[in-house]
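So the chains spell out like this:
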Amino acid sequence: MELLTIFAVLVVVLPSLYIYTASVVSTRFPKLENKSICLLIAHPDDEAMFFAPTVLALTRPEIGNHVKILCLSSGDADGLGETRKKELAKSGVVLGLRSTSDVFVVEKPEFRDSMTTTWDAGKISDLLISAFAPQLNKSKGASSPPTASIDVLITFDAGGVSSHPNHISLYHGAKEFVGALVAGKAGWAPPVDLYTLTTVPIARKYSAFLDVLPTLLSWAIGTGKRDKKHPGGLVFLNGLAGHGSFTTAWKAMTTAHKSQMVWFRYGWITLSRYMYINDLRLEKIKRK
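Residues numbered from 1 in each chain as written. Predicted model: local features only at pLDDT ≥ 70, side-chain atom pairs only at ≥ 80, totals over all residues. Heavy atoms only, no water.

### What to know about the overall build of the chain
Okay, step 1: Looking only at helices and strands, one finds eleven helices and seven strands in the chain.
Okay, step 2: In terms of overall dimensions, the chain is globule-like: its C-alpha atoms have a radius of gyration of 19 Å, near the 19 Å expected for 288 residues.
Okay, step 3: Across its three principal axes, the chain shows a C-alpha extent of roughly 75 × 45 × 35 Å.
Okay, step 4: In the chain, which comprises 288 residues, the share counted as buried stands at 51%. (Helix = DSSP H or I, 4+ residues; strand = E, 2+ residues; numbered from the N terminus. Rg over C-alpha atoms; globule rule 2.2 N^0.38 Å. Buried < 20%, exposed > 50% of the residue type's maximum accessible area, 1.4 Å probe, protein only.)

### What to know about the packing of helix α5 (residues 121–132) against helix α7 (residues 165–181)
Okay, step 1: The contact between α5 and α7 brings their axes to 8 Å, and the two run at 55 degrees. Considered as vectors, α5 and α7 are oriented oblique to each other. Note that α5 runs across α7; the crossing there is right-handed. In contact with Ala121, Gly122, Ile124, Ser125, Leu128, Ile129 and Phe132 of α5, α7 contributes Ser169, Leu170, His172, Gly173, Ala174, Glu176, Phe177 and Ala180.
Okay, step 2: The residue makeup of the contact of α5 with α7, split by class, is nine nonpolar, five polar and one charged. (Axes fitted to C-alpha atoms, helices over the stretch in contact; angles between N-to-C directions. Parallel < 35°, antiparallel > 145°, perpendicular 65-115°, else oblique. Left-handed = near helix turned anticlockwise from the far one by under 90°. Contact = heavy atoms within 4.5 Å. Nonpolar A, V, L, I, M, F, W, Y, C, P; charged D, E, K, R; others polar.)

### Here's the deal with the environment of leucine 282
Okay, step 1: Counting through the fold element by element, leucine 282 comes out in strand β7 (residues 277–282).
Okay, step 2: In this structure, the C-alpha to C-alpha distance between leucine 282 and alanine 241, residues 41 residues apart in sequence, is 29 Å.

### Points about unusual backbone geometry
Okay, step 1: With a phi close to 55 degrees, asparagine 34 is a non-glycine residue in the positive phi region.
Okay, step 2: Relative to the helices and strands, asparagine 34 resides in the loop between α1 (2–28) and β1 (36–41).
Okay, step 3: The class for asparagine 34 is exposed, based on a relative accessible area of 60%.
Okay, step 4: Although it is not a glycine, alanine 208 sits at a positive phi angle of roughly 50 degrees.
Okay, step 5: Residue placement: alanine 208 occurs in the loop between α8 (202–205) and α9 (212–222).

### Overview of the side chain of threonine 155
Okay, step 1: Note on placement: threonine 155 falls in strand β4 (residues 152–156).
Okay, step 2: Here the side chain of threonine 155 touches leucine 40 through a polar contact of 2.9 Å, landing on its backbone oxygen.
Okay, step 3: Residue contacts for threonine 155: discarding those within four places in its chain leaves Leu40, Phe51, Leu170, Tyr171, Ala174, Leu194, Tyr195, Thr196 and Leu197. (Polar contact = N/O pair within 3.5 Å; in protein donor to acceptor, adjacent residues only side chain to side chain.)

### Structural notes on the sheet that holds strand β3 (residues 103–105)
Hydrogen bonding along the main chain pairs the strands of a sheet, whether they run parallel or antiparallel.
Okay, step 1: Reading across the sheet, the seven strands line up as β3-β2-β1-β4-β5-β7-β6 and stay open at both edges, with mixed pairing between neighbours. In the strand order of this sheet, the two ends are held by β3 and β6 (233–237), each with one partner. Adjacent strand axes in the sheet meet at a mean angle of 20 degrees, parallel and antiparallel pairs treated alike.
Okay, step 2: In this structure, strand β5 (residues 193–197) lies alongside β7, joined through three bridges in antiparallel fashion. Directly across from leucine 197, in β7, lies its bridge partner leucine 280.
Okay, step 3: Each of β1, β2 (66–71) and β4 touches α5; the most contacted strand, β2, lies at about 145 degrees to it. (Pairing = 2+ DSSP bridges.)

### Observations regarding the pairing of β7
Okay, step 1: Counting buried positions along β7 gives six out of six residues, so the element sits mostly inside the fold.
Okay, step 2: Residues Ile277, Asp279 and Arg281 line one face of β7 and the alternating positions Asn278, Leu280 and Leu282 line the opposite face, and both faces are buried.
Okay, step 3: Where β6 meets β7, five bridges bridge the pair, whose relative direction is antiparallel. Across the sheet, phenylalanine 236 pairs through a bridge with asparagine 278, a residue of β7.

Distances and angles like these do not, on their own, reveal function.
This is the structure in structure tokens:
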């Protein structure tokens, strides 16, 4: 009987504590406002399975951001590329993007969806330059300030969350892109802030919203840069119910990405902390 009582209390108390924490984080922690933001992903459904808390937080109308998604493959490994492109567009709107026109999918042989293929970082960088800094090759002077059409680029970190080589390739390509913006321009800061999604150990990865305490401790200890305009770290916590919460992230997966909803994915999207919690780190860029 005692164990049942303790369990019942925990079932009520833990979600309540998490909901309170989420409300505090959303109002008091660093945030990005009035920014042009690109979420760089490898496959349709990455935006929902891994980055939903980020997209939901950054697309809130009152903070004035314009968020776009750039996906470097259609996820055509099983011949479902056209279906998955439509699913990505639908999911993006569910997660708060202004319209389906803010979703872009690249289909090139060099970015083939594969669990065994590493994409070339230089080619990813070149693609990002052509998309967001096409003037780069024309303004090589050290005195001219670096510019880009986006303020923030968000993608996976060096662990890729799931160790997927396509995810990891985005990290290296994004770093090369931001580095290229300031190559040979001593004294200038990059015009684009690169934030990457933190990979956590497997025990934390499948602890759902219970990972909130380790996440906040990691943020407090590991975030060195306290700059309101360029925060060294960002934390986004989904609520558990209602619009813009875990249930919205769930909807993005189950109603938009129907082709991917095999039985085991229901367990994944229920237990994965990435459906509830995202913490991002501002990457330090080495100049060439």
